[in-house]
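Below, each chain spelled out in residue letters.
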Amino acid sequence: MTYDLYIGDRTFSSWSLRGWLMMEKFGLSYRTHLVGLYSGTMAADLAPLAPARLVPVLKTPDGDIIGETLAMAETLAERHPEAGFWPAEAHLRARARWISAEMASGFAALRDACPMQLQHVNKGFEASDAVMADLDRLEDIWSSARALSGAKDGWLMGDYCLVDVFYAPVAARIIGYDLPVSQASRAYCMKVIDDPAFKTWRADGLKTRYDPFPYPMGVPLADWPV
């Protein structure tokens, strides 16, 4: 049973990162197909997968086409109950679903101001009040998740699960723009980007060079910390 996953540029496509982590971290068999997100061929590349129009897109071994990462997550969890996509305990599973859904539909200010990029760290980036409000909300979500699950220095719900998949691009944004968060939140972000799967994704993305590099912020640049 091999899935086909269609993704955009690894250095920039936050949603594609989520889709890929679902496959890679939970041991599913898959093939990756790169869609021309920045080369301008995305519409043509996705035409055979209609009505999909955004990445990532998942094609199941049965030929079903699934867009939107929440739908992909629930479908995969349903098809592979043994894989541990969601926490085993009902109260943790409910919380994980809640905060994953909030991530999928919220944090617009953070997303708009800080597009995901995995090449370097923007030093001296000034977060707006709206971005700071999103960061405050993240602090509430992450600290309450750790308190509920009893997690100390690990993943949000104890064991790695879909909630960590959904927040991986947020962690990358916090690191990539050197955003002000608590020590506990920064430790979590560092754990995310130091995970072997994440590092593999980033390394594959860095094989593609961009001139000019998208999303210039006009601030000094520093090396990626991992």
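Look up: the structure comes first, before these words.
Residues numbered from 1 in each chain as written. Predicted model: local features only at pLDDT ≥ 70, side-chain atom pairs only at ≥ 80, totals over all residues. Heavy atoms only, no water.

Quick look at helix α7 (residues 162-176)
Cut-off, in case you're wondering: Each helix corresponds to a stretch of at least 4 residues labelled H or I by DSSP, and each strand to a stretch of at least 2 residues labelled E; elements are numbered beginning at the N terminus. In a helix, the anticipated span is given by 1.5 Å times the number of residues less one. Bend, in this description, refers to the angle at a residue between axes fitted to the seven residues ending there and the seven starting there. Any residue under 20% of the maximum accessible area for its type is buried, any over 50% is exposed, and the rest in between are partly exposed; the area is computed with a 1.4 Å probe on protein chains only.
Over its 15 residues, α7 runs 22 Å from end to end, which matches the ideal 21 Å to within 8%, given 1.5 Å per residue. Taken as a whole, α7 carries its principal kink of about 40° at A168; the proline P169 stands between one and four residues after it. Where burial is concerned, most of α7 is hidden: 15 out of the 15 residues are buried. D178 occupies a position one or two residues after α7 and carries a positive phi of about 50°.

Considerations on the pattern of salt bridges
One side chain can pair with another of opposite charge once the charged atoms of both are near each other. Our working definition: What makes a salt bridge here is a side-chain nitrogen of Lys or Arg within 4 Å of a carboxyl oxygen of Asp or Glu, nothing more.
Under the criterion given, the structure shown has nine salt bridges. Note that D4 and R31 form a salt bridge whose closest N and O atoms lie 2.9 Å from each other. Here R31 lies in strand β2 (residues 30-34) and D4 lies in strand β1 (residues 3-7), a separation of 27 residues in the sequence. By relative accessible area, D4 is classed as buried at 10%. Among the ionic pairs, R186 bridges to D178, the shortest N-O distance being 3.9 Å. Judged by relative accessible area, which is 26%, R186 ranks as partly exposed. When its relative accessible area of 31% is taken as the criterion, D178 is described as partly exposed. Overlapping salt bridges, with partners in common, bring together K123, D178 and R186 in one network.

A short note on unusual backbone geometry
Cis peptide bonds are those with omega within 30 degrees of zero, and the linkage from A50 to P51 qualifies with 10°. Tracing the backbone shows P51 in the loop between α2 (42-46) and β3 (57-59). Residue P212 is bonded to the preceding D211 through a cis peptide linkage, with omega at 5°. By secondary structure assignment, the location of P212 is in the loop between α9 (196-205) and β6 (221-223). Positive phi, normally seen in glycine, also occurs at F107, with a value near 60°. Relative to the assigned elements, F107 resides in the loop between α4 (90-105) and α5 (108-113). The backbone phi angle of D178 is positive, close to 50°, even though this residue is not glycine. As for its placement among the helices and strands, D178 is situated in the loop between α7 and α8 (183-193).

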